[in-house]
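# Fold and contact review
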Amino acid sequence: QVQLVEYGGGLVQAGGSLRLSCAASGRTFSTLAMGWFRQAPGKEREIVATITWNGGVTSYADSVKGRFIISRDNAKNTVSLQMNSLKPEDTAVYYCAATASYGLRVRIGEYDYWGQGTQVTVSS
């Protein structure tokens, strides 16, 4: 069992930045591949960024590549998403997710544990 709690969401003006964090408990964090996902109003949940157990490999959705950075701190059992140059289309509920894997996992169906989500709203 893994519990995930996201925090750091909020309202920001277009062009601004936010940093989301996710705290994990219940299992050795370093054994988990992690991901950030989001669901915008009226749209399907989509992948934002993923990272391997040791942070060695990352992947990003084309829409956020170059603007967002995923990172993890295994000593603190946290994974973060630094979001820069935010756009109104980034508005969504952002979810932290985890799965037991030493490799990169990029499909929603591969993730077993999910946080409750945190709202990010970008105004124009």
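Here the structure is shown first, and the text comes after it.
Thresholds applied
Residues numbered from 1 in each chain as written. Predicted model: local features only at pLDDT ≥ 70, side-chain atom pairs only at ≥ 80, totals over all residues. Heavy atoms only, no water. Disulfide = S-S within 2.5 Å. Helix = DSSP H or I, 4+ residues; strand = E, 2+ residues; numbered from the N terminus. Buried < 20%, exposed > 50% of the residue type's maximum accessible area, 1.4 Å probe, protein only. Pairing = 2+ DSSP bridges. Axes fitted to C-alpha atoms, helices over the stretch in contact; angles between N-to-C directions. Phe/Tyr/Trp six-rings, centres within 6.5 Å; stacked < 30°, edge-to-face > 60°. Polar contact = N/O pair within 3.5 Å; in protein donor to acceptor, adjacent residues only side chain to side chain.

## Re the state of the cysteines
Under the definition given, this model contains 1 disulfide. One disulfide in the model links C22 with C96; its S-S distance is 2.1 Å. Taking the sign of the S-S torsion, -80° for the link of C22 and C96, the bridge is left-handed. Taken together, the positions of C22 in strand β3 (residues 18–25) and C96 in strand β9 (residues 92–100) put the pair 74 residues apart, joining distant regions of the chain. Residue C22 shares its accessibility class with C96, and that shared class is buried.

## Looking at the pairing of strand β1 (residues 3–7)
Burial along β1 is one-sided: L4 and E6 are buried, while Q3, V5 and Y7, pointing the other way, are not. Pairing between β1 and β3: 5 bridges, direction antiparallel. Counted as the bridge partner of E6 is C22 from β3.

## Structural notes on the sheet that holds β1
Here we have 4 strands laid out as an open sheet, ordered β1-β3-β8-β7, and antiparallel in their pairing. Each edge of the sheet is formed by a strand with only one pairing partner; in this case those strands are β1 and β7 (68–73). Averaged over all adjacent pairs, the angle separating strand axes in this sheet is 15°, with direction ignored.

## What to know about the packing of aromatic side chains
Following the criterion strictly, the structure yields 4 aromatic pairs and no others. Ring centres of F37 and W114 lie 4.9 Å apart, and the angle between their planes is 50°; on these two criteria the pair is classed as tilted. With a gap of 77 residues between them, F37 in strand β4 (residues 32–39) and W114 in strand β10 (residues 113–114) connect regions that are remote in the sequence. With relative accessibility at 28%, the residue W114 sits in the partly exposed group. Note on W53 and Y102: the rings are 5.2 Å apart at their centroids and 85° apart in plane angle, and the pair reads as edge-to-face. Note that W53 is positioned in the loop between β5 (46–51) and β6 (58–60) and Y102 in the loop between β9 and β10, a separation of 49 residues in sequence.

## Focus: the side chain of T50
Following the sequence through the fold, T50 ends up in strand β5. A distance of 2.4 Å separates the side chain of T50 from the side chain of S59, its partner in a polar contact.

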